[in-house]
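# Report on the structure
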Amino acid sequence: ESGYVIIDVRNEDEIAYTGKLSDCVETLPLPLIAQMGAFTMSEEDFEESFGFAKPGMDETLVLTCKSGIRSMHAGQFAAMVGYTNIINYTGGSSEWFQ
């Protein structure tokens, strides 16, 4: 394990339009984080719902979206449940695909 989990919080239609940032980037749209309480789910429910392992509390979350606003909100949700190593990649997909 790298100790990092990179999560793109853009909506599925945005990712379908631009493509994934990288094969190592997981997709978890912000509305699902908010509506489903993603970071409060059990490891089993999280993986079943989203298709990847729930990040451990000791891992660094690198959150990205289009420009950094939604990833900032996703980071706030993660912080509320106890994640402390959170990086908001503010350049987002706009910078990534330039």
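Provided above is the structure to which this section pertains.
A few points on the structure. Quick caveat: nothing in here was measured; it's all calculated off a predicted structure.

In terms of nonpolar packing, the biggest core is built from 18 residues, with I7, V9, L28, I33, F46, F50 and L61 touching the most fellow members. Of all the secondary-structure elements, those providing two or more residues to this core are β1 (4-8), α2 (30-36), α3 (43-50), β3 (60-64) and α4 (69-80). Those residues in contact with I33, other than ones at most four positions away along the chain, are V9, L28, A38, F39, A74 and F77.

With respect to topology, four strands assemble into an open sheet ordered β2-β1-β3-β4, the strand pairing being parallel. Each end of this open sheet is capped by a strand with a single partner; those strands are β2 (25-27) and β4 (86-89). Taking the axes of each pair of neighbouring strands and ignoring which way they run, one obtains an average angle of 30° across the sheet. Both β1 and β3 contribute to a ladder of five bridges, which runs parallel. Among the inter-strand pairings, I7 is bridged to a residue of β3, identified as L63. The strands touched by α4 are β3 and β4; relative to β4, the strand with the most contacts, the crossing angle is about 170°.

The rules behind each value
- Residues numbered from 1 in each chain as written.
- Predicted model: local features only at pLDDT ≥ 70, side-chain atom pairs only at ≥ 80, totals over all residues.
- Heavy atoms only, no water.
- Core = buried A, V, L, I, M, F, W, Y, C linked by side-chain atoms within 4.5 Å.
- Buried < 20%, exposed > 50% of the residue type's maximum accessible area, 1.4 Å probe, protein only.
- Helix = DSSP H or I, 4+ residues; strand = E, 2+ residues; numbered from the N terminus.
- Contact = heavy atoms within 4.5 Å.
- Pairing = 2+ DSSP bridges.
- Axes fitted to C-alpha atoms, helices over the stretch in contact; angles between N-to-C directions.

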